[in-house]
Amino acid sequence: MRLAIVGVGKMGRELEATAARRGHEVVWTLSRDQNPGGAGLTPERLAAADVVLEFTAPDSAVPDLLACARSGASVVCGTTGWQRELPRVAEAFAKGGGALVHGTNFSVGVRLFFEIARAAAERFPRAGYAAFLVEEHHAEKRDAPSGTAKTLSAIVAEAAGSAPPITSVRAGTVPGLHRLVFESPEDEVELIHRARGRAGFAKGAVWAAERVVGRRGVFEFGELLKEVS
Ligand SMILES: NC(=O)c1ccc[n+]([C@@H]2O[C@H](COP(=O)([O-])OP(=O)(O)OC[C@H]3O[C@@H](n4cnc5c(N)ncnc54)[C@H](OP(=O)(O)O)[C@@H]3O)[C@@H](O)[C@H]2O)c1
């Protein structure tokens, strides 16, 4: 498969390594200076790739996605902090005829963690436990709370009736840690996901690219996983 990468940062480099390991060719990459406001995503460039992997920054994702949508491209977007704009982006993909897979977390372990969080949130609050969330990421991460923490909070809110408070820590080089705690005056129960690096996110994103090639529409990463589980 011919892959292209927008955003040559920590995830972009991890994606290049993962793509090579899975036997794919990276036909081009774009950095911020080559792509102001999505201007580097020309129809010619997009036609040269089967799937574009977009891992940039919250302010860049929407212009990038709209440019890809106009050309009917297939995109896997892992950038966080732009999801309020999803309806506008989804409409553009529907018009352009391309495909988008989006997700705040492409780790399969985190997806299973979401399912366990839902089951726990259906039980502990009813038994008198209060929930809270703590997430930790490296000092360079631009958005807070993390997209994953927001998703976890929404899952707990849906199951328990109220959203747990979130505390964010930005320090050092932490690739990603999420703790969901249920506490009572007597005890506490803690569910933790700790990423050991970025390889799990990259593996999920490249897998999503393999699944979406040749398809049309807008998919959340979890929907693609459900198709195979
Ligand atoms: N969904 C997931 O599983 C997952 C996992 C990890 C990270 N993420 C998210 O993915 C995004 C990237 O993470 P990261 O750790 O790789 O961050 P990073 O190291 O800061 O890399 C992002 C790169 O994208 C560049 N960039 C920004 N706007 C651009 C544009 N319009 N065109 C091309 N390149 C552009 C940045 O350049 P400048 O430095 O010049 O701004 C930077 O080099 C973040 O939103 C993060 O939260 C998602």
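Remember, predicted model here, so these are calculated numbers, not experimental data.

S.K.: So what about the pattern of salt bridges? Which residues, and what values?
M.R.: Scanning all chains against the criterion turns up twelve salt bridges. E158 serves as the salt-bridge partner of R118, at 3.3 Å between the closest nitrogen and oxygen. Here R118, found in helix 5 (residues 108–123), pairs with E158, found in helix 6 (residues 147–160); they are 40 residues apart in sequence, far enough to count as distant. What makes R118 partly exposed here is its relative accessible area of 32%. It is possible to trace a salt-bridge network through shared partners that takes in R211, R215 and E227.

S.K.: Help me get a handle on the site of the ligand, residues and values and all.
M.R.: Near the ligand lie 25 residues; those nearest to it are M11, S60, T80, F106 and K141. A distance of 2.7 Å is found between a nitrogen atom of the ligand and a side-chain nitrogen or oxygen belonging to S60. Contact distances for the ligand include 2.8 Å between an oxygen atom and a side-chain N or O atom of K141. Notes on the ligand: free accessible area 920 Å², of which the protein chains cover 83%. For the shell around the ligand, the elements supplying multiple residues, two or more each, are helix 1 (10–21) and helix 3 (58–70). Its residues placed into classes, the shell around the ligand shows seven nonpolar, twelve polar and six charged.

S.K.: Give a detailed account of the sheet that holds strand 2 (residues 25–30), specifying residues and quantitative values.
M.R.: Taking strand neighbours across the sheet as the criterion, the six strands line up as 2-1-3-4-5-10 in an open arrangement whose pairing is parallel. In the strand order of this sheet, the two ends are held by strand 2 and strand 10 (217–220), each with one partner. On average, each strand axis in the sheet is tilted by 20° relative to the strand beside it, whichever way the strands run. Summarising the sheet, strand 3 (residues 51–54) and strand 4 (residues 74–77) pair through three bridges and their orientation is parallel. In the sheet register, L53 faces strand 4, and the bridge partner there is V76. Taken strand by strand, helix 8 (residues 221–228) contacts strand 5 (99–102) and strand 10, and its axis lies near 85° from that of strand 10.

S.K.: Just give me the short version of the packing of helix 7 (residues 199–212) against helix 8, but keep the residues and values in it.
M.R.: Orientation of helix 7 relative to helix 8, taken along the N-to-C sense of each, is 70°, at an axis distance of 11 Å. Considering their axes alone, helix 7 and helix 8 lie roughly perpendicular with respect to each other. With respect to the hand of their crossing, helix 7 and helix 8 are arranged in left-handed fashion. Listed contacts from helix 8 to G204, W207, A208 and R211 of helix 7 are F221, L224, L225, E227 and V228. Its residues placed into classes, the contact of helix 7 with helix 8 shows six nonpolar, one polar and two charged.

The rules behind the values
- Residues numbered from 1 in each chain as written.
- Predicted model: local features only at pLDDT ≥ 70, side-chain atom pairs only at ≥ 80, totals over all residues.
- Heavy atoms only, no water.
- Salt bridge = Lys/Arg side-chain N within 4 Å of Asp/Glu carboxyl O.
- Helix = DSSP H or I, 4+ residues; strand = E, 2+ residues; numbered from the N terminus.
- Buried < 20%, exposed > 50% of the residue type's maximum accessible area, 1.4 Å probe, protein only.
- Near = heavy atom within 4 Å.
- Polar contact = N/O pair within 3.5 Å; in protein donor to acceptor, adjacent residues only side chain to side chain.
- Areas by Shrake-Rupley, 256 points an atom, 1.4 Å probe, with all protein chains shown as cover.
- Nonpolar A, V, L, I, M, F, W, Y, C, P; charged D, E, K, R; others polar.
- Pairing = 2+ DSSP bridges.
- Axes fitted to C-alpha atoms, helices over the stretch in contact; angles between N-to-C directions.
- Contact = heavy atoms within 4.5 Å.
- Parallel < 35°, antiparallel > 145°, perpendicular 65-115°, else oblique.
- Left-handed = near helix turned anticlockwise from the far one by under 90°.

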